[in-house]
Amino acid sequence: MRLREILARIPKKYLHLKIFNIIKYKIFTKYQLLKLPYLPLTMDIEPTTGCNFRCTMSDVSSPNWVTKNMKIETFKKIIDMNKQLLQIKLQGMGEPFVNKNYIQFIDYASKYGIFVQFVTNGSLLTEKIIDNLYNKDNISNINVSIDGATKKTFEGIRIRSDFDKVIKNTSKLILKIKTKNKKKRPIFTALSLIQKDNVHEAEQIMYLCKKMGFDELCYQVQLTGWGKKEWEANNLKKDINYNNSNKKLFEEIVQKAKKIDFPVKVIEENLLSKKNQCGYPWNTPYINTEGKVTPCCMIPDPNVLSLGSIEKTNFDKIWNSKTYQDFRNDIKSHQLREYCKNCYRSRN
């Protein structure tokens, strides 16, 4: 959704606050200051760590993983501290609809003119949830993970999933919401995390997503280690090592997609380098289910790095704390911490 469309649908009560923050962001973000005169325009908020799947590349599949749901009071506190926000990704390590308060979260964000996007695995999209989503006007993007074009491949990666159910639920959601005015409905994006177990179905995935009614497809071509050595080791074995040898495959798929008028792109932005540095420390913090702030969705576990807690400190104080500034400085000077190296083309 374009910035102009977002601003047009923000309650006048909060419009000046948001515009003033946008102006400061536009002026100062290019300087990579350590202490920032603006607050973030976007934020990742984790509603739950729970998931009904056990995906082979996900930290959620760890044997000692604990399910935690964000309380509505915690969510309200985050939003009340950040009325300047334009949009939140209401998504974390888990499947968002595991949290029974999820629809309430969307409603509360709407009060302040904050738009919501999220990623779902599609399995919990009941008729009631689909109806609720249909009636929301502050959802900008609905992303659904489609990691296979066949039942065997999909369920082999997304353990405990039901391929047919995911396809049926997602298709039903897309079909219903597409009856709304196009300017007021969310964009539907299929996210396909490509790895050695499904790269052979990459082209089939594109045709499947087109058939289901998605507006676009994004291939994600690098696995993360979630800032943890054991998961980096696990996922390096699955990673396709995206480079010129397999780049041609995706270039061909993109061209085939153009012929059927289906937008497809390959997400390479997270393949960072010294020249193309991570921007998360300057624009998009991550807040977990307990209100703890971490650097980004790639390092969501506060046990890896916690920058503070909104249960103890106002967010604006955390945003410019010494801990946060030190982290920004390490990114800016390319003195990468071990848990950041996984997102860079060169891990040295």
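From a predicted model like this one, the values you see are computed outputs, not experimental measurements.

(A) Geometry of the packing of aromatic side chains. The tally for this structure, following the rule as stated, stands at 12 aromatic pairs. When the ring of Y25 is compared with that of Y38, the centres are 5.1 Å apart and the planes differ by 80°; the resulting orientation is edge-to-face. Taken as a pair, Y25 in helix 2 (residues 12-28) and Y38 in the loop between helix 2 and strand 1 (42-45) lie far apart in primary sequence, 13 residues in all. In this structure, Y25 and Y38 share a single accessibility class: buried. Ring centres of F97 and F118 lie 5.6 Å apart, and the angle between their planes is 85°; this geometry places the pair in the edge-to-face category. With F97 in the loop between strand 3 (87-90) and helix 4 (102-111) and F118 in strand 4 (residues 115-120), this pair connects stretches of sequence that are 21 residues apart. The buried category is assigned to F97, whose relative accessible area is 6%.

(B) Layout of the pairing of strand 4. By the criterion of burial, strand 4 is predominantly enclosed, with five of the six residues buried. Crossover handedness for the path strand 3 to helix 4 to strand 4: right-handed. Across five bridges, the pairing between strand 4 and strand 5 (residues 139-145) is parallel. Note that in strand 5 the partner of V116 across the bridge is I139.

(C) Representation of the packing of helix 3 (residues 72-80) against helix 4. Viewed as axis vectors pointing N to C, helix 3 and helix 4 meet at an angle of 25°, and their least axial separation amounts to 10 Å. One way to sum up the angle between helix 3 and helix 4 is to call them roughly parallel. Crossing hand, helix 3 versus helix 4: right-handed. Contacts between helix 3 and helix 4 involve I72, F75, K76, I79 and D80 from the first element and Q104, F105, Y108 and A109 from the second. Grouping the amino acids of the contact of helix 3 with helix 4 by side-chain chemistry returns six nonpolar, one polar and two charged.

(D) How the structure looks around the pairing of strand 8 (residues 216-220). The sheet contact formed by strand 7 (residues 187-193) and strand 8 spans five bridges and is parallel. Across the sheet, the residue bridging to L191 is C218, located in strand 8. Handedness of the strand 7-helix 8 (residues 202-212)-strand 8 crossover: right-handed. As paired strands, strand 8 and strand 9 (residues 264-267) are joined by four bridges and run parallel to one another. Across the sheet, residue Q220 finds its bridge partner in strand 9, namely I267.

About the criteria used
- Residues numbered from 1 in each chain as written.
- Predicted model: local features only at pLDDT ≥ 70, side-chain atom pairs only at ≥ 80, totals over all residues.
- Heavy atoms only, no water.
- Phe/Tyr/Trp six-rings, centres within 6.5 Å; stacked < 30°, edge-to-face > 60°.
- Helix = DSSP H or I, 4+ residues; strand = E, 2+ residues; numbered from the N terminus.
- Buried < 20%, exposed > 50% of the residue type's maximum accessible area, 1.4 Å probe, protein only.
- Right-handed = clockwise from strand over helix to strand, strands pointing away.
- Pairing = 2+ DSSP bridges.
- Axes fitted to C-alpha atoms, helices over the stretch in contact; angles between N-to-C directions.
- Parallel < 35°, antiparallel > 145°, perpendicular 65-115°, else oblique.
- Left-handed = near helix turned anticlockwise from the far one by under 90°.
- Contact = heavy atoms within 4.5 Å.
- Nonpolar A, V, L, I, M, F, W, Y, C, P; charged D, E, K, R; others polar.

By themselves, these observations are geometric and do not establish any function.
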